[in-house]
Amino acid sequence: MIAPATGPKRILVIEDNPDLAYGLRNNLEIEGYEVEVAKDGTRGLSRARTANPDLVVLDLMLPGMDGFRVLRALREDGHGMPVLILTARGEEADKVRGLRLGADDYVTKPFGVLELLARIEALLRRVVAPKKNGGPPRSSATSKYSRRRGRCYATARRSP
Amino acid sequence: MTRFRVRRGAVVAVLLVLAFGVAVALAVQAYQTAGDHRAQADRVLRDYARLAAARVAIRTATDMYYAVKSPLKALQLAHETAPHHATPKPRDLHFDVMEHEFSIAPYIRFTFRMDLTTKDLQTSGEQVPAPVRTWLIDTLPVHTRTVYDTSWHMGTVLGQPGGDRRYVAYTVLRDRDGVLRTALGFEANPTALTPLIVQATDTQKFALLPRPLTGGVGYDSMGSIIITDSYGVDVYRSAVQYTSPFTARDTIGTDMGALFAHATLRAEVADQLIIGGLPKSRLPLILSLLGLTAALIGTALFQLRRESQLTRLRTDFISGVSHELRTPLAQIRMFSETLTLGRVRSEEERRRSLAIIDQEARRLTHLVENLLHFSRSERQTAHIAPEPTALAPLVQEVIDGFAPLAAARGVTLAASVPEDLVVPADPGAVRQMLLNLLDNAVKYGPASQEVRIGATLENGVARLWVADRGPGIPRADRERVWERFWRLERDRDSSVAGSGIGLAVVRELADLHHGRAWIDDGGPDASGTRVVIELPA
């Protein structure tokens, strides 16, 4: 279940646009990650379940099963790896929904490559940190959305 | 946003229903008021008719009184002068008649004196038949007791003993004891009544209704009169007879021969008799108001539904367009940054990155072209410049440009267009239409399919078609998909970004060429969607 601390971090990219997936793979590989690409939601979910990557980059509009459903299924299974939503849907409602479903970050297209890489790195760092305390390196992200204030709070919390 | 729209729609719907309710209530009220008004007007007119009948009765009675008063006075005078002589013969009966009064003298047939106690009857003048004598002897004592008006000192009787019509007028003298004892009178031909009434109701002097009620209505056209006797015989009928519901009867008086006066108001005059005229039925007006209200409400609800539909479609369109723009932009930005930062590991990666940038820039161009055309057609400023265009090279050019985009989904393009096919068309418009159709075919069809492009020339029209192997378009939706912003239900929330204007642009461009565009199954061997553009050649 736990990625070996010594090996390269493994990232699953669930993205149906092959060109974008190609660019993401190249950039992530240059950073030293091990990258796997899934072309649709169903395949993405099964790969996330079996390969248990360290991080998932998830598009929302996917053929078959959409990103929200993939995310929910993952969280319901108890998979706690960080999930970064990368999507062209920029509406606040989508962001809120994604974060409430348990996403750890939300990046809208078009995006800056360096920013995306930095966010991925930050997410991975946060997961590794609790390891020093001997706890499992899993994070369960929950978020609270305050309707009254119209703000969204995302908190990463150690799972029990 | 949606909730607000729904609430606003509900509010408008409630308001419309209320408006309709108020209209119905108003209509009912107006209808009732009109009914009440009409009933009241009817009542008033019937009262007027009763008044008219009463006026005729009084007038007739008065004239009869004056007509018989003078001869009776003369008889009384003769009797007082010579109580034991026979009553004067009619021709010897002298009395004064005013110039304008009716004179009954020519109609008097005999005079008489009768002792009411002994029933001794003496007559002078024409021979009196036995039945008439008997009738007089039987009638007078009873009449004197029951009907005779002691204040007017006279009584008149209209009778027909044995079918012989007789009109009798008499007065009674008291004896020393004050008992009504001696009847003095005369008999006249009842035909006298007709000229009497004619003169009495002469419209020069007499009006059915008093002047303040009638306004400017001429007396002669106000209504009609009938006078009948107690045997049902018409004694008099006015020259013109009207029929209307406003008719009434009054008694002229049992002491005046028991005649009846019937007055009928002319229906056309009724209008002028009521202040403000007779109320017209407002039912048609009210019904049309109701119908109009209902139609307005229907239209409003339809518009409301349409508006909310359009708002939703527009919202979808904007998010669709922004999504469609973001995707190529994301790739252009990512690959250009990748290249700028030197994050390429091989020449092959570098070349492919550049190719993707180029391809996505083209996609953006095409998208912007579509939007531009769309906005031009929204403002109705779209136009085309047709020129003889060879389709084969144009199709090939489009395929060459589109192939990389298709290849990204593993889609291959196959074209079969006759080399010599030339149509008068705007090459830019044809290119735009083809690109839209190819884009749809690749977007909505399966990966790795073959998209076919074909063209034919038949009967002076060129047909250009694009067929895919996708899920096809349900027959029910084959017209709607041409509407702007309209997208198939199954695509709205799918991964496929779309703005819903592609086919609308195709149809508009086809229309500008005076052509047509439609969707069919693509022939018996094909599955999927085939879109056909027909252009006049």
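What you are looking at is a predicted structure, and each value in this text was computed from that prediction instead of being measured.

Student: Where do I start with the interface of chain B and chain A in this structure?
Tutor: Interface size is often expressed as the accessible area that is lost when the parts come together. Residue-level contacts link 25 residues of chain B with 28 residues of chain A. For the chain B and chain A pair, buried surface summed over both sides reaches about 2,400 Å², with 56% attributable to carbon and sulfur atoms. When the area that chain B buries against chain A is broken down by residue, the three leading residues are Arg326(B), Met334(B) and Arg343(B), summing to 27%. Counting every contact that joins chain B to chain A gives three salt bridges. Here Arg352(B) ties to Asp19(A) by a salt bridge, and the two come within 3.2 Å at their closest N and O atoms. In this assembly, chain B and chain A are joined by 11 residue pairs in polar contact (both at pLDDT 80 or more). At the level of secondary structure, the elements contributing two or more residues to the side of chain B that touches chain A comprise helix H6 (283-340) and helix H7 (347-378) of chain B. If one sorts the elements of the side of chain B that touches chain A by residue count, H6(B) sits on top with 12 residues.

Student: Honestly, the pattern of salt bridges in this entry has me stumped. Any pointers?
Tutor: Opposite charge on two side chains allows them to pair when their charged atoms are near. Considering all chains together, one arrives at 35 salt bridges over all chains under this definition. Glu15(A) serves as the salt-bridge partner of Lys109(A), at 3.2 Å between the closest nitrogen and oxygen. Here the residue Lys109(A) occupies a position in the loop between strand S5 (105-108) and helix H5 (113-128), and Glu15(A) occupies one in the loop between strand S1 (10-14) and helix H1 (18-30), the gap between them amounting to 94 residues. Exposure remark for Lys109(A): the relative accessible area of 3% places this residue in the buried category. Taking relative accessible area as the criterion, Glu15(A) reaches 3% and is therefore assigned buried. A salt bridge links Asp104(A) to Arg75(A); its shortest N-O distance comes to 2.9 Å. Here Arg75(A) lies in helix H3 (residues 67-77) and Asp104(A) lies in the loop between helix H4 (92-100) and S5, a separation of 29 residues in the sequence. Where salt bridges share partners, they join Arg25(A), Glu29(A), Arg345(B) and Glu349(B) into one cluster.

Student: Sorry if this is basic, but what is going on with the sheet that holds strand S16 (residues 530-536) of chain B here?
Tutor: Neighbouring strands of a sheet are bound in pairs by backbone hydrogen bonds; such pairs are parallel or else antiparallel. Residue and element names in this part refer to chain B. Reading across from one edge, S11-S13-S14-S16-S15 is the order of the five strands in this open sheet, with mixed pairing throughout. Strand pairing shows two members of the sheet lacking a second neighbour, strand S11 (412-416) and strand S15 (516-520), which therefore form its edges. Across the sheet, the axes of successive neighbouring strands diverge by a mean angle of 15°, strand direction being ignored. By the bridge criterion, five bridges tie S11 to strand S13 (residues 450-458) in an arrangement that is parallel. Counted as the bridge partner of alanine 415 is isoleucine 453 from S13.

Student: When you look at H3(A) in this model, what are you seeing that I'm missing?
Tutor: All names here are of chain A. All of the buried residues along H3 are Gly67, Phe68, Val70, Leu71, Ala73, Leu74 and Arg75. Between the side-chain oxygen of the N-cap and the backbone nitrogen of phenylalanine 68 there are 3.1 Å, and the N-cap of H3 in question is aspartate 66. Following H3 by one or two positions, glycine 78 adopts a phi angle in the positive range, close to 95°.

Student: Before we go on, may I ask you to explain the packing of helix H8 (residues 391-407) of chain B against helix H9 (residues 427-444) of chain B in this structure?
Tutor: Two quantities define a packed helix pair, namely the angle between the axes and the distance from one axis to the other. Residue and element names in this part refer to chain B. Running from N to C, H8 and H9 cross one another at 40°; their axes reach a closest spacing of 10 Å. The angle between the axes of H8 and H9 places the two elements in the oblique class. Our pair here, H8 against H9, has a crossing hand that is right-handed. Together, Leu391, Leu394, Val395, Glu397, Val398, Phe402 and Ala406 of H8 and Pro427, Val430, Arg431, Leu434, Leu435, Leu438, Asp439 and Val442 of H9 make up the contact between the two elements. When its residues are assigned to classes, the contact of H8 with H9 shows 12 nonpolar, no polar and three charged.

Student: What am I meant to see in the confidence of the model for chain B here?
Tutor: Reading fine detail from the predicted coordinates is not recommended where pLDDT is low. Residue and element names in this part refer to chain B. On average, chain B scores 85 in pLDDT, and the residues at 70 or more come to 94%. Per-element averaging of pLDDT across chain B places helix H10 (residues 489-492) at the bottom with 71 and strand S1 (residues 108-115) at the top with 93. Reported for the predicted complex are a pTM of 0.54 and an ipTM of 0.78.

Student: Explain the environment of Ile286(B) here, please?
Tutor: Residues and elements named next belong to chain B. Of note, isoleucine 286 is situated in helix H6. For isoleucine 286, a relative accessible area of 9% translates into the label buried. When the C-alpha atoms of isoleucine 286 and alanine 30 are compared, they prove to be 7.8 Å apart, with 256 residues separating the residues in sequence. Isoleucine 286 has contacts with Ala27, Ala30 and Tyr31, leaving out every residue within four places of it along the chain.

Student: Can you walk me through the sheet that holds strand S3 (residues 155-159) of chain B in this structure?
Tutor: Residues and elements named next belong to chain B. Strand order in the open sheet made by the five strands is S2-S1-S5-S4-S3, with antiparallel pairing throughout. Strand pairing shows two members of the sheet lacking a second neighbour, strand S2 (120-125) and S3, which therefore form its edges. On average, each strand axis in the sheet is tilted by 20° relative to the strand beside it, whichever way the strands run. Two elements, strand S4 (residues 166-174) and strand S5 (residues 180-188), share eight bridges in a ladder whose sense is antiparallel. Within S5, the residue paired with valine 172 across the bridge is alanine 183.

Student: What's the story with the side chain of Asp115(B) in this structure? I'm lost.
Tutor: All names here are of chain B. Among the structural elements, aspartate 115 can be located in strand S1. In this structure the side chain of aspartate 115 is engaged in a polar contact, spanning 2.8 Å, whose partner is the backbone nitrogen of threonine 117. Of note is the side chain of aspartate 115, whose polar atom sits 3.1 Å from the side chain of arginine 181. Among residues more than four places away in sequence, those in contact with aspartate 115 are Asp120 and Arg181.

Student: Which parts of the structure should I look at to understand the environment of Phe374(B)?
Tutor: All names here are of chain B. Topologically, phenylalanine 374 is positioned in helix H7. When its relative accessible area of 5% is taken as the criterion, phenylalanine 374 is described as buried. Considered as a pair, phenylalanine 374 and alanine 504 are 130 residues apart in the sequence and their alpha carbons are 8.3 Å apart. In this view, phenylalanine 374 contacts Phe317, Arg484, Phe485, Ile501 and Val505; residues no more than four positions away in its chain are not counted.

Student: Can you help me understand the packing of aromatic side chains in this one?
Tutor: What characterises a pair of aromatic rings is the spacing of the ring centres plus the angle enclosed by the ring planes. Counted by the stated rule, this structure contains seven aromatic pairs over all chains. Both rings, one in Phe317(B) and one in Phe374(B), keep their centres 5.6 Å apart while their planes meet at 45°; by these two values the pair is tilted. You can see Phe317(B) sitting in helix H6 and its partner Phe374(B) sitting in helix H7, a full 57 residues away along the chain. In terms of burial, Phe317(B) and Phe374(B) fall into one category: buried. Taken together, the ring pairs connect Tyr65(B), Tyr66(B) and Trp152(B) into an aromatic cluster. The ring of Tyr22(A) has Arg352(B) lying over it, and the distance from NZ or CZ to the ring centre is 3.9 Å. It is Arg530(B) that lies over the ring of Trp465(B); its NZ or CZ is 5.1 Å from the centre.

About the cut-offs
Residue numbers run consecutively from 1 along every chain, following the written order of its sequence. Here every chain gets a letter starting at A, and every ligand a number starting at 1, in the order they are written. Reporting of local features is limited, given that this is a predicted model, to residues whose pLDDT is at least 70; pairs of side-chain atoms are given and counted only at 80 or more, and all residues count toward the totals for whole chains, interfaces and linings. The side-chain quantities take in all heavy atoms of the structure and omit both hydrogens and water. When checking whether two residues touch, look at their non-hydrogen atoms; a contact exists if any pair is within 4.5 Å. Accessible area, probed at 1.4 Å, shrinks when two parts are joined; the buried area is that loss added up over both. When a carboxyl oxygen of Asp or Glu is within 4 Å of a side-chain nitrogen of Lys or Arg, the pair counts as a salt bridge. Distance and chemistry together define a polar contact, namely a pair of N or O atoms within 3.5 Å, with one atom able to donate a hydrogen and the other to accept it when in protein, and with adjacent residues in sequence counting only for side-chain atoms on both sides. Numbering of helices and strands runs from the N terminus, with a helix taken as a DSSP run of H or I at least four residues long and a strand as a DSSP run of E at least two residues long. The buried label goes to any residue with under 20% of its type's maximum accessible area, the exposed label to any with over 50%, and the partly exposed label to all in between, with areas taken from a 1.4 Å probe on protein chains only. Two strands qualify as a pair provided that DSSP identifies no fewer than 2 bridges between them. An axis is simply a line fitted to the C-alpha atoms; with a helix, the fit covers only the stretch in contact. Between two such axes, the angle follows the N-to-C directions and lies from 0 to 180 degrees. Angles are sorted into four bins: roughly parallel if under 35 degrees, roughly antiparallel if over 145, roughly perpendicular if 65 to 115, and oblique for all others. Take the far helix as your reference; a near helix turned counterclockwise from it by less than a right angle gives a left-handed crossing, and one turned clockwise gives a right-handed crossing. Note that Gly is not counted as nonpolar here; it falls among the polar residues with everything else outside the nonpolar set of Ala, Val, Leu, Ile, Met, Phe, Trp, Tyr, Cys and Pro and the charged set of Asp, Glu, Lys and Arg. How sure the predictor is of each residue is captured by pLDDT, a score from 0 to 100. What counts as a ring pair is set by centres within 6.5 Å for rings of Phe, Tyr and Trp (its six-membered ring), and what kind of pair is set by the plane angle: stacked under 30 degrees, edge-to-face over 60, tilted for all other angles. Placement of a charge over a ring requires the Lys NZ or Arg CZ to be within 6 Å of the ring centre, with the centre-to-atom vector within 35 degrees of the ring normal.

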